[in-house]
Protein chains: 2
Amino acid sequence: MLSVPHDARKARIGVVGATGAVGRVTLELLRERGYRNVRVFASARSAGKELAGMTVEEATPQALAAGDLDLCLFSVETAASRELVPHAVRGGAVCVDKSSVFRLQPGVPLVVPEVNGVRAAEHSGIVANPNCCAIPLVLALKPLHDAAGLRRVRVSTYQSVSGAGAQAMEQLRAQPPEENDLRMDWSFDGVEFDEEVKLREEARKILELPELAVSATCVRVPVLVGHAEAVWLQTEEPLSPEQATALLGDAPGIRLEQFPTPGAAAGGDTVLVGRIRRDVSDENGLVLFIVGDNLRKGAALNAIQIAELVLAEQRVAA
Amino acid sequence: MLSVPHDARKARIGVVGATGAVGRVTLELLRERGYRNVRVFASARSAGKELAGMTVEEATPQALAAGDLDLCLFSVETAASRELVPHAVRGGAVCVDKSSVFRLQPGVPLVVPEVNGVRAAEHSGIVANPNCCAIPLVLALKPLHDAAGLRRVRVSTYQSVSGAGAQAMEQLRAQPPEENDLRMDWSFDGVEFDEEVKLREEARKILELPELAVSATCVRVPVLVGHAEAVWLQTEEPLSPEQATALLGDAPGIRLEQFPTPGAAAGGDTVLVGRIRRDVSDENGLVLFIVGDNLRKGAALNAIQIAELVLAEQRVAA
């Protein structure tokens with residue numbers, strides 16, 4: 001946990017999309033971390049309902065632009081972020097947005113605090129929260145890149161259904177196990193899923209390696225929470241599995257585990273990394289298995305960590 | 001389906017391990033294909049029970065060595081294969097064995113009929129049936145190797161619980177979806193799972209490429225039937241995704257599908273291949289996604305196809 005000044009916890013925070021899978025975890029984490037000045041926003045359908053002891057407000061342009069919020073955490077559909085975030089910015093709130101709308105826009109920092117936290121301060125009202133698979137991936141890649149230079153990354157994902165939202169979780173809970181299947185429920189451009197393009201483009205932006213070679217295959221598995229990734233990487237300089245293990249063991253936000261699984265990662269704040277070994281198929285190759293809680297470090301927790309960077313910066317500037 | 005002479009279907013066939021997940025599918029496939037002279041063997045615990053209209057016999061060395069079987073299909077635990085297969089061979093039966101005991105033994109053919117069916121005739125009583133992930137993998141790799149030469153293969157698996165047996169299927173059926181998790185339930189040598197070693201060693205033997213570079217990460221997913229594999233491969237000569245698609249579309253035992261899933265493959269006899277695209281991270285690289293029914297082509301069907309090669313050969317020799 002970052003060291004956040006006590007009065008930062010008095011910041012007026014709006015959680016937009018509070019009723020969704022990520023929104024609910026955001027509320028839990030804010031409470032755990034001592035934030036008390038929180039309001040919850042959602043669509044008209046949920047407005048007026050009670051949520052975690054608060055009354056849900058409708059997320060209208062007017063409400064978000066009213067000027068009484070210091071910071072907004074958005075986890076809503078892409079179209080809703082595109083419409084609403086600019087209003088909240090206009091009202092003076094710094095927005096940490098989970099959608100893909102702003103992630104690759106020049107001038108919008110795309111931040112994983114342990115990797116490129118220094119970029120958060122460069123915002124003009126919006127900081128983007130990366131894709132749920134990009135976050136654990138760059139967290140593991142960064143120390144290896146700093147040590148030996150990344151040349152190539154291949155990654156296949158095992159993504160839980162909570163990444164597709166609360167409704168997908170309900171569907172998995174309701175279906176008989178005979179219907180458990182792998183799914184590929186992202187939009188397809190004829191060659192790749194948008195999820196695969198995001199992994200490549202976001203890893204490049206966060207790691208500041210605009211030419212990094214990344215090939216991804218994304219797959220949804222019938223697990224409720226926790227995204228896993230099988231990774232092959234090639235470095236410019238030799239890096240032994242023992243060296244990689246030592247680097248990852250010292251890296252912030254990572255815990256080494258022999259056989260990481262979603263069940264072991266879910267509910268926790270660290271990304272689990274294991275199966276660290278030589279890629280016997282190539283020179284300077286390493287293989288890893290990475291698992292993170294996609295609702296926490298893959299979404300809500302990373303957003304709050306970004307928010308804490310922004311709040312700490314505001315206090316310094318004030 | 002191979003063309004098998006009508007009288008081959010009169011062969012006296014013993015199915016050993018008939019009560020297991022693979023054994024039951026073996027019985028279904030034998031009936032579908034017109035074999036009528038079938039006997040079923042299992043452990044003492046199941047002996048005397050009725051199975052598919054037959055009485056289960058105890059799989060003892062004496063029963064299997066009695067000399068009244070032309071061919072035995074073994075799908076039992078490793079230790080049971082090691083003990084019993086030699087007795088059945090002594091009794092004059094050709095044994096098609098699903099365990100890993102004999103697969104890498106010199107002189108024992110390891111056969112996927114579409115890939116190296118010609119090797120089946122070289123047996124001395126035992127033909128080994130490969131690992132359930134190795135079978136679909138080599139089926140897809142073979143036509144690409146013949147066209148452009150294989151240099152490297154990286155594969156991550158999404159293996160269904162039926163690969164761990166009927167009991168693992170019952171466990172998945174009984175557990176609440178909250179407990180669905182990825183598992184790694186193979187024996188570990190400190191670096192790799194035996195499953196990963198098998199994939200490499202068996203692919204090398206079947207493809208007759210003893211130096212082929214193969215790096216595998218094996219993972220069990222909470223799906224009942226159907227094993228999937230995300231594959232990156234590099235060829236010696238350039239091979240476009242369009243050329244690879246044409247080759248795989250013409251290859252025996254394969255059906256092209258845009259987004260192959262276990263649900264689409266289960267219950268069928270073909271291996272589904274899709275997501276065929278360039279590996280943007282490397283020269284001469286291709287990416288594929290492969291799915292097969294691990295109980296059928298990954299086990300029972302491949303064994304019966306081997307048996308049909310052996311029976312056709314015996315008839316020619318007779």
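Here, every reference points to the structure presented above.
Residues numbered from 1 in each chain as written. Chains lettered and ligands numbered in written order. Predicted model: local features only at pLDDT ≥ 70, side-chain atom pairs only at ≥ 80, totals over all residues. Heavy atoms only, no water.

(A) Inspection of the interface of chain A and chain B at higher detail. Taken residue by residue, the interface counts 49 residues in chain A and 49 residues in chain B. Note on chain A versus chain B: buried area summed over both sides is about 4,100 Å², and carbon and sulfur give 59% of it. Among the residues chain A hides against chain B, the three largest losses belong to R154(A), L182(A) and W232(A). Together they make up 15% of the total. Counting every contact that joins chain A to chain B gives twelve salt bridges. (Contact = heavy atoms within 4.5 Å. Buried area = accessible area lost by both parts, 1.4 Å probe. Salt bridge = Lys/Arg side-chain N within 4 Å of Asp/Glu carboxyl O.)

(B) The arrangement of the relation of the copies chain A and chain B in detail. Take chain A, turn it by 180°, move it 0.0 Å along the axis, and it overlays chain B with an RMSD of 0.0 Å. One copy is carried onto the other by what is essentially a two-fold rotation axis. Taking the C-alpha atom as reference, chain A places P222(A) closest to the rotation axis, 3.1 Å from it. (Least-squares fit on C-alpha atoms with pLDDT ≥ 70 in both.)

(C) Structural detail: helix α1 (residues 21-32) of chain A. All names here are of chain A. Taking 1.5 Å per residue as the helical rise, α1 with its twelve residues ought to reach 16 Å, and the 17 Å between its terminal C-alpha atoms agrees with that figure. Among the residues of α1, those classed as buried are A21, V22, G23, V25, T26, L27, L29 and L30. Directly after α1, the chain includes G34, whose backbone phi takes a positive value near 95°. (Helix = DSSP H or I, 4+ residues; strand = E, 2+ residues; numbered from the N terminus. Expected span 1.5 Å × (residues − 1). Buried < 20%, exposed > 50% of the residue type's maximum accessible area, 1.4 Å probe, protein only.)

(D) Fine view of the packing of helix α5 (residues 134-148) of chain B against helix α8 (residues 241-250) of chain B. Residues and elements named next belong to chain B. Their axes nearest at 9 Å, the elements α5 and α8 cross at an angle of 125°. Our classification of the angle between α5 and α8 gives oblique. Where α5 crosses over α8, the handedness of that crossing is right-handed. Seen from α5, the contacting residues are A140, P143, L144 and A147; seen from α8, they are A244, L247 and L248. Class assignment for the residues of the contact of α5 with α8 results in seven nonpolar, no polar and no charged. (Axes fitted to C-alpha atoms, helices over the stretch in contact; angles between N-to-C directions. Parallel < 35°, antiparallel > 145°, perpendicular 65-115°, else oblique. Left-handed = near helix turned anticlockwise from the far one by under 90°. Nonpolar A, V, L, I, M, F, W, Y, C, P; charged D, E, K, R; others polar.)

(E) Focus on the sheet that holds strand β7 (residues 94-97) of chain B. All names here are of chain B. Spatially, β5-β2-β1-β6-β7-β8 is the arrangement adopted by the six strands of the open sheet, whose pairing is parallel. This sheet does not close on itself; its edge strands, each paired only once, are β5 (57-58) and β8 (126-128). The strands touched by helix α1 (residues 21-32) within the sheet are β1 (13-16), β2 (38-42) and β6 (71-74), with β1 carrying the most contacts at an inclination of about 155°. (Pairing = 2+ DSSP bridges.)

(F) Representation of the pairing of strand β10 (residues 213-217) of chain A in the model. Residue and element names in this part refer to chain A. By the criterion of burial, β10 is predominantly enclosed, with five of the five residues buried. Note: strand β9 (residues 150-158) against β10, five bridges, orientation parallel. Its bridge partner lying in β10, V155 is registered against A216.

(G) Representation of the packing of aromatic side chains within the structure. Within the structure shown, the criterion is met by twelve aromatic pairs over all chains. Between F188(A) and F193(A) the ring centres are 5.2 Å apart and the planes differ by 55°, which places this aromatic pair in the tilted class. Taking 5.7 Å as the distance between ring centres and 65° as the angle between the ring planes, the aromatic pair formed by Y158(B) and F289(B) counts as edge-to-face. Here Y158(B) is found in strand β9 (residues 150-158), whereas its partner F289(B) is found in strand β14 (residues 285-292), with 131 residues between them in sequence. F289(B) shares its class with Y158(B); the two are buried. (Phe/Tyr/Trp six-rings, centres within 6.5 Å; stacked < 30°, edge-to-face > 60°.)

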